[in-house]
Amino acid sequence: MRFHNAIRKEVLDYLAEKMPNIKNFYNGIPNILDIKNELPLVCVHLDDAQAEQHVLGGQQWEADLQIFIVVPFGESEPRLDEFASEIHEAMKFKDFQTIEQKYEQSYSYDYDENKEWVSAVLSFKIIYNFEWINSIYLTNQVKEGENNV
């Protein structure tokens, strides 16, 4: 959905600005083809998006905003923790146009079975209004000269 893309894009653009030591940023789950040249990377995706049906005047949604950090296997947890701390600090007080509220939810690690990479996930519960985000998206498309809005 367009409004989910708008959320991911806004968060990614902000993190890319704040984290110059990350090589690549992905909107959604990445397809890592070249481990050596693509890591470290950050990707943002949404899980478990659900609409709140009884809100008057609009439809409020909530989802899990997942921020993945992936580094080469040999760098392991200390490097992940450094990047995660940077992301945490950047996200803590940032007000996003597309997100009404955000709450820290969890932090976890994962490992590649082939021992090529290790990852960490910062998870936030977010609340957003899709009508508001769609209006932001359409306004931006018009500003960028998109004709089929």
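Residues numbered from 1 in each chain as written. Predicted model: local features only at pLDDT ≥ 70, side-chain atom pairs only at ≥ 80, totals over all residues. Heavy atoms only, no water.

Moving on: the sheet that holds strand β3 (residues 60–72). Across the sheet, which stays open at both edges, the 5 strands sit in the order β1-β2-β3-β5-β4 with mixed pairing between neighbours. Edge positions in the open sheet fall to β1 (24–27) and β4 (101–111), since each of these has one partner strand only. Direction aside, neighbouring strands of the sheet carry axes that sit 20° apart on average. One ladder, built from 4 bridges, connects β1 with strand β2 (residues 41–52); its direction is parallel. Paired with Y26 across the two strands is C43, which belongs to β2. In this fold helix α1 (residues 2–18) packs onto β1, β2, β3 and β5 (117–129), with an angle of close to 145° to the strand it touches most, β2. Of the strands in this sheet, β2, β3, β4 and β5 touch helix α3 (residues 76–92), which is tilted by about 145° from β3. (Pairing = 2+ DSSP bridges. Helix = DSSP H or I, 4+ residues; strand = E, 2+ residues; numbered from the N terminus. Axes fitted to C-alpha atoms, helices over the stretch in contact; angles between N-to-C directions. Contact = heavy atoms within 4.5 Å.)

This part is about the confidence of the model for the protein chain. Per-residue pLDDT for the protein chain has a mean of 87; in total, 83% of the residues score no lower than 70. Summarising per-element confidence for the protein chain, the mean pLDDT is lowest in helix α4 (residues 130–143) (61) and highest in β1 (96). (pLDDT = per-residue confidence, 0-100.)

Moving on, we come to the pairing of β5. The element β5 is extensively covered by neighbouring structure, given that 12 of its 13 residues are classed as buried. Of the strand pairs in this sheet, β3 and β5 are connected by 13 bridges, and their pairing is antiparallel. Counted as the bridge partner of I67 is L122 from β5. Two elements, β4 and β5, share 10 bridges in a ladder whose sense is antiparallel. Paired with D110 across the strands is S119, a residue of β5. In this structure, the hairpin formed by β4 and β5 is closed by a connection of 5 residues, where K115 is found at a positive phi of approximately 55°. (Buried < 20%, exposed > 50% of the residue type's maximum accessible area, 1.4 Å probe, protein only.)

So, about the nonpolar core. V11, L15, L65, I67, I87, M91 and I126 are the most contacted members of the largest nonpolar core, which totals 31 residues. Elements with a contribution of two residues or more to this core: α1, β2, β3, α3 and β5. If near-sequence neighbours (up to four positions away) are discounted, I87 is found in contact with L15, M19, V42, I67, I69 and L122. (Core = buried A, V, L, I, M, F, W, Y, C linked by side-chain atoms within 4.5 Å.)

Turning our eyes to something else, we now look at the environment of N114. Mapped onto the secondary structure, N114 falls in the loop between β4 and β5. A residue is classified by how much of its surface remains accessible, and N114, at 58% relative accessible area, is exposed. Along the backbone, N114 and F73 are 41 residues apart, and their C-alpha atoms lie at a distance of 9.3 Å.

Its 17 residues place the ends of α3 24 Å apart at the C-alpha level, agreeing with the 24 Å of an ideal helix rising 1.5 Å per residue. Check the buried side of α3 and you find it contacts α1, β2, β3, β4 and β5. (Expected span 1.5 Å × (residues − 1).)

Strand direction decides the pairing type here: β2 and β3, joined by 10 bridges, are antiparallel. Note on β3: the bridge partner recorded for A51 is W61.

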